[in-house]
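Per-entry structural report
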Amino acid sequence: MNAPAKTEDFASSIPAGVYAETVLSVTHYTDRLFRFTMTRPQGFRFRSGEFAMIGLMVEGKPVFRAYSIASPAWAEELEFFSIKVPDGPLTSHLQAIKPGDQVLMRKKPTGTLVLDALTPGRRLYMFSTGTGIAPFASLIRDPETYEKFEEVILTHTTRDVAELKYGFDLVEEIQNDELLKEVVGDKLRHYATVTREDFEYRGRITDLISSGKLFTDLGVPPLDPAIDRGMICGSSAMLKDTKELLEKGGLNEGANSKPAEFVIERAFVG
């Protein structure tokens, strides 16, 4: 495995139109998941929920992949939540980064998991599996989310309990933040499930939606297109199945150019 390029290697190799930012912290959750923060370029603007192309120089060439920005639009640092793929073109190298290393980022963020792509509603569901929680990590820490919705339900499904820790850390971070906890109040609800271990809530989120158990557990009525809105991020199979369930509930898919009742991020899976 090639080690990530160090600062001195970047000076002569940074591609045009690309930021080179410094890694500030790295947290390894499991042998499959890690979180890292890096400096935010001066003048870099994005909407909470968008993604950016981030990368490293590997064998003298830049390798980029789409990553949701997990930090909210107001944050001074940029945060990302990543899976580790042993032979992945990027993640096999990215998982070895340490504070002080540099990471590349293209200058234009984009994405559909943004509040602007939804029509007004009262309850917002964020359906995520695995690292698909990353864009919602941004949105649940953005005050605008709570200005637009009376109730925000973050669902996160993983294989094992250990893989849920990032989501629980996020909620605890909000509860311990003097400013955010006042804005969020009791509007945020966190519904975490696992598929391979014993836990309070078990099962695929699609099964829990179709059986109605999700709504029973939360004490809320079934999906209602008049008040409910949804965002979906996860594996390709999860996207397809959840989309079908939301459409069955009467919700229509939206986009930046045509806001509607739910949106999907198709730029990546994970």
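Being a predicted model, the structure only gives us computed values, none of them experimental.

**Observations regarding the overall build of the protein**
Along its length, the protein carries nine helices and eleven strands. The C-alpha radius of gyration computed for the protein amounts to 18 Å, which stays within 12% of the reference 18 Å derived for 270 residues, consistent with globular compactness. Principal-axis analysis of the C-alpha atoms gives the protein an extent of 55 × 40 × 35 Å. Put simply, of all contacts in the protein between residues at least 6 apart along the chain, 73% involve residues at least 24 apart. Accessible surface for the protein amounts to roughly 12,100 Å². Of this, 50% is attributable to carbon and sulfur atoms. When the 32 basic and 39 acidic side-chain charges of the protein are each reduced to a single mean position, those positions are 5 Å apart.

**What about the UniProt feature "domain: FAD-binding FR-type" (unreviewed entry) in the protein?**
Under the feature "domain: FAD-binding FR-type" (unreviewed entry), the UniProt entry names residues 16-116. With 4% helix and 46% strand, the stretch residues 16-116 has end C-alpha atoms that lie 30 Å from each other.

**A look at the layout of surface pockets**
Looking at the largest pocket, its volume works out to about 470 Å³. Forming the walls of the largest pocket are 20 residues, and the residues nearest its centre are Thr-129, Gly-130, Thr-157, Arg-204 and Ser-235. Taken together, the elements giving at least two residues each to the lining of the largest pocket come down to strand E8 (151-158), helix H7 (205-211) and helix H9 (236-248). For the lining of the largest pocket, the element with the most residues is H9, which contributes three residues.

**Looking at the nonpolar core**
Among soluble globular proteins, nonpolar side chains are generally buried collectively. Among the nonpolar cores identified, the biggest contains 31 residues, and Met-126, Phe-136, Ile-140, Tyr-166, Leu-188 and Met-231 are the most heavily contacted of them. Of all the secondary-structure elements, those providing two or more residues to this core are strand E7 (123-129), helix H3 (134-139), E8, helix H5 (165-175), helix H6 (178-184) and strand E10 (228-233). Look past the residues within four positions of Ile-140 in its chain and what remains in contact with it is Met-126, Tyr-146, Val-152, Leu-154, Leu-170, Ile-174, Val-184 and Leu-188.

**Looking at the sheet that holds strand E11 (residues 262-264)**
One open sheet accounts for five strands, arranged E9-E8-E7-E10-E11; its pairing is parallel. If you trace the sheet from one side to the other, it starts and ends with strand E9 (188-194) and E11, each paired once. Geometrically, the sheet is characterised by an average inter-axis angle of 15° between neighbouring strands, direction not taken into account. Pairing of E7 with E8, which is carried by seven bridges, proceeds in the parallel orientation. Bridge pairing links Leu-124 to Val-152 in E8.

**What to know about the environment of Glu-151**
Position of Glu-151 relative to the elements: it lies in strand E8. According to the relative accessible area criterion, Glu-151 is buried, its value standing at 17%. Separated by 29 residues in the primary sequence, Glu-151 and Arg-122 have C-alpha atoms spaced 6.5 Å apart. Sequence-distant contacts of Glu-151, defined by excluding residues within four places in its chain, comprise Arg-122, Arg-123, Leu-124, Lys-187, Arg-189 and Val-220. Within the local environment of Glu-151, its side chain forms a polar contact with the side chain of Arg-189, the two groups lying 3.1 Å apart.

**Some remarks on the sheet that holds strand E6 (residues 102-106)**
Pairing between sheet strands relies on hydrogen bonds along the backbone, with the strands arranged either parallel or antiparallel. Spatial ordering of the open sheet is given by E4-E3-E6-E1-E2-E5, a layout of six strands whose pairing is antiparallel. At either end of the open sheet lies a strand with only one pairing partner, and these are strand E4 (61-68) and strand E5 (77-83). If you compare each strand with its neighbour and ignore which way they point, the axes differ by 40° on average. In the sheet, strand E3 (residues 51-58) pairs with E6 via two bridges, with the strands oriented antiparallel. Looking across to E6, one finds that Ile-54 is bridged to Met-105. Its contacts with the sheet place H5 against strand E2 (33-39) and E5, and it is angled at close to 45° to E2.

**Digging into unusual backbone geometry**
With a phi close to 55°, Glu-59 is a non-glycine residue in the positive phi region. For Glu-59, the position within the fold is in the loop between E3 and E4. A relative accessible area of 70% means that Glu-59 is categorised as exposed.

Rules used throughout
- Residues take numbers from 1 onward in each chain, read along the sequence in its written order.
- Thresholds applied to this predicted model are a pLDDT of at least 70 for local features of residues and 80 or more for the giving and counting of side-chain atom pairs; totals over whole chains, interfaces and linings are not thresholded and use all residues.
- Where side-chain values are given, they derive from all heavy atoms of the structure, hydrogens and water being excluded.
- Think of it this way: any DSSP run of H or I at least four residues long counts as a helix, any run of E at least two long counts as a strand, and we number them from the N terminus.
- Radius of gyration: C-alpha atoms only; globule rule: 2.2 Å multiplied by the number of residues to the exponent 0.38.
- Every residue pair with non-hydrogen atoms within 4.5 Å of one another is taken to be in contact.
- For every accessible area listed, the method is Shrake-Rupley and the probe measures 1.4 Å; residues are considered covered only by the protein chains on display.
- Think of it this way: Lys and Arg go in the positive column, Asp and Glu in the negative one, and His and the chain ends go nowhere.
- For the purpose of locating charges, the reference atoms are NZ of Lys, CZ of Arg, CG of Asp and CD of Glu.
- UniProt positions are given in the numbering used here, feature names are shortened, and annotations may be inferred rather than shown by experiment.
- Only protein atoms enter the 1 Å grid, on which a cavity is a set of points fitting a 1.4 Å probe that cannot get out and a pocket is an open set with protein on both sides within 12 Å along at least 5 of 7 lines, lining residues being those with an atom within 4 Å of a point.
- Grid points are joined across faces, edges and corners, and a volume is the space filled by probe spheres set on the points.
- The term nonpolar core refers to a set of buried residues drawn from Ala, Val, Leu, Ile, Met, Phe, Trp, Tyr and Cys, joined through side-chain atoms within 4.5 Å.
- Each residue is placed in one exposure class: buried if its accessible area under a 1.4 Å probe, protein chains only, is under 20% of its type's maximum, exposed if it is over 50%, and partly exposed if it falls in between.
- By the convention used here, strands pair only if DSSP detects at least 2 bridges between them.
- The angle between two axes is taken between their N-to-C directions and runs from 0 to 180 degrees, where each axis is a line fitted to C-alpha atoms and a helix contributes only its stretch in contact.
- In protein, a polar contact requires one atom able to donate a hydrogen and another able to accept it; more generally it is a pair of N or O atoms within 3.5 Å, and residues adjacent in sequence count only if both atoms are side-chain atoms.

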